[in-house]
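Coordinate analysis (summary)
Here is how the chains run, residue by residue.
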Amino acid sequence: DGGITQSPKYLFRKEGQNVTLSCEQNLNHDAMYWYRQDPGQGLRLIYYSQIVNDFQKGDIAEGYSVSREKKESFPLTVTSAQKNPTAFYLCASTRAPRYHNEQFFGPGTRLTVL
Amino acid sequence: AQSVAQPEDQVNVAEGNPLTVKCTYSVSGNPYLFWYVQYPNRGLQFLLKYITGDNLVKGSYGFEAEFNKSQTSFHLKKPSALVSDSALYFCAGESNFGNEKLTFGTGTRLTIIP
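The notes below deal with the structure included here. Quick caveat: nothing in here was measured; it's all calculated off a predicted structure. (Residues numbered from 1 in each chain as written. Chains lettered and ligands numbered in written order. Predicted model: local features only at pLDDT ≥ 70, side-chain atom pairs only at ≥ 80, totals over all residues. Heavy atoms only, no water.)

Topic: the overall build of chain A
Tallying secondary structure elements over chain A gives zero helices and eleven strands in all. Scanning chain A from its N terminus toward the C terminus, one meets helices and strands in the order β-β-β-β-β-β-β-β-β-β-β. Taking 114 residues into account, the globule formula puts the C-alpha radius of gyration at 13 Å, and chain A, at 13 Å, falls close to it. Here the C-alpha coordinates of chain A stretch approximately 40 × 30 × 25 Å along the principal axes. Evaluated residue by residue, chain A yields a buried proportion of 50% over its 114 residues. (Helix = DSSP H or I, 4+ residues; strand = E, 2+ residues; numbered from the N terminus. Rg over C-alpha atoms; globule rule 2.2 N^0.38 Å. Buried < 20%, exposed > 50% of the residue type's maximum accessible area, 1.4 Å probe, protein only.)

Here it is, written out as structure tokens:
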């Protein structure tokens, strides 16, 4: 089965902790994305990567970091600098060219700050 | 800056009736437009897209959407609603220039009443 996996499904973080959300795809897609979903606000782009070892900030990158060491993997770290991290996080990928191709989404990780 | 608007937060439709979920866009150049569906605590699933050509686009699960350039709209439609269509629907768009990222609307919750 081809697709995108995200882990864990639920994640709890204490104040001041960094946490890393995993995203893996076996679709051989070049581009990968991280979105944050809050009620009533739709999806907001955090970071995206169009090729290995390269990534760009999205609209709300502050307090987050990413890496793209492998084509299949695009982990997101939520740092202690992110003041309000409680949200549903979605990873997506798309084949090249990035535009006009639909994005495939993972099942999401729900992060809660205790 | 480009934008996508979904003017209705909530749409209620009786089972068997036709449904419409509205979307309007503002993008430079020619738009690429998408509809996605999200079931509770899941990722988004692609329904259909408009790239070019026929203004009526057919997609998954019997959904279709009509691109209207003069009204800058891309409304999602289905002739006969099913209870299983109840979900959160997102419209998204980007420019054919490829210089801006995909922008999502804030979502419309569709409830089909038995």
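Some thoughts on the sheet that holds strand 8 (residues 76-78) of chain A
Residue and element names in this part refer to chain A. Across the sheet, which stays open at both edges, the four strands sit in the order 1-3-8-7 with antiparallel pairing between neighbours. Taken across any chain shown, the strands that pair with only one partner, and hence form the sheet edges, are strand 1 (4-7) and strand 7 (64-66). On average, each strand axis in the sheet is tilted by 20 degrees relative to the strand beside it, whichever way the strands run. Here strand 3 (residues 19-25) pairs with strand 8 via three bridges, running antiparallel. Looking at the pairing, Thr-20 lines up with Thr-77 of strand 8. (Pairing = 2+ DSSP bridges. Axes fitted to C-alpha atoms, helices over the stretch in contact; angles between N-to-C directions.)

Let's talk about the state of the cysteines
Note: disulfide means a covalent bond formed between the sulfur atoms of two cysteine side chains. For the structure on display, the rule yields two disulfides over all chains. A sulfur-sulfur distance of 1.9 Å marks the disulfide that ties Cys23(A) to Cys91(A). The sign of the -70 degrees torsion about the S-S bond sets the Cys23(A)-Cys91(A) disulfide as left-handed. You can see Cys23(A) sitting in strand 3 and its partner Cys91(A) sitting in strand 9 (residues 87-94), a full 68 residues away along the chain. Of the residues examined, Cys23(A) reaches a relative accessible area of 1% and is grouped as buried. Here Cys23(B) pairs with Cys91(B) through a disulfide, and the sulfurs are 2.0 Å apart. The S-S bond linking Cys23(B) to Cys91(B) shows a torsion near -65 degrees; that makes this disulfide left-handed. With Cys23(B) in the loop between strand 3 (19-21) and strand 4 (24-26) and Cys91(B) in strand 10 (residues 87-95), this residue pair connects regions lying 68 residues apart in the sequence. (Disulfide = S-S within 2.5 Å.)

Quick notes on the pattern of salt bridges
Within this structure, the stated rule accounts for seven salt bridges over all chains. Of the charged contacts, one joins Lys71(A) and Asp30(A) as a salt bridge, the two residues approaching to 3.5 Å between their closest N and O atoms. Placement of the pair is Lys71(A) in the loop between strand 7 and strand 8 and Asp30(A) in the loop between strand 3 and strand 4 (31-37), with a sequence separation of 41 residues. Lys71(A) sits in the partly exposed class, given a relative accessible area of 24%. The partner of Glu64(B) in a salt bridge is Lys58(B), with the nearest N and O atoms 2.9 Å apart. Judged by relative accessible area, which is 19%, Glu64(B) ranks as buried. A relative accessible area of 62% places Lys58(B) in the exposed class. Members of the salt-bridge network, linked through shared partners, are Arg36(A), Asp38(A) and Arg44(A). (Salt bridge = Lys/Arg side-chain N within 4 Å of Asp/Glu carboxyl O.)

Quick word on the nonpolar core
The biggest cluster of nonpolar side chains holds 26 residues, and the ones touching the most others in it are Leu19(B), Trp35(B), Leu47(B), Leu48(B), Phe74(B), Leu76(B) and Tyr89(B). Secondary-structure elements contributing two or more residues to this core are strand 2 (10-14), strand 3, strand 5 (31-38), strand 6 (44-50), strand 8 (64-68), strand 9 (73-78), strand 10 and strand 12 (108-113) of chain B. The residues touching Leu48(B), leaving out its near neighbours within four places in the chain, are Leu33(B), Phe34(B), Trp35(B), Val57(B), Lys58(B), Gly59(B), Phe63(B), Glu64(B), Ala65(B), Phe74(B) and Leu76(B). If you look at the next biggest cluster of nonpolar residues, it comprises 20 residues, including Leu21(A), Trp34(A), Ile46(A) and Leu111(A). (Core = buried A, V, L, I, M, F, W, Y, C linked by side-chain atoms within 4.5 Å. Contact = heavy atoms within 4.5 Å.)

Take it as geometry only, folks, not as evidence of what the structure does.
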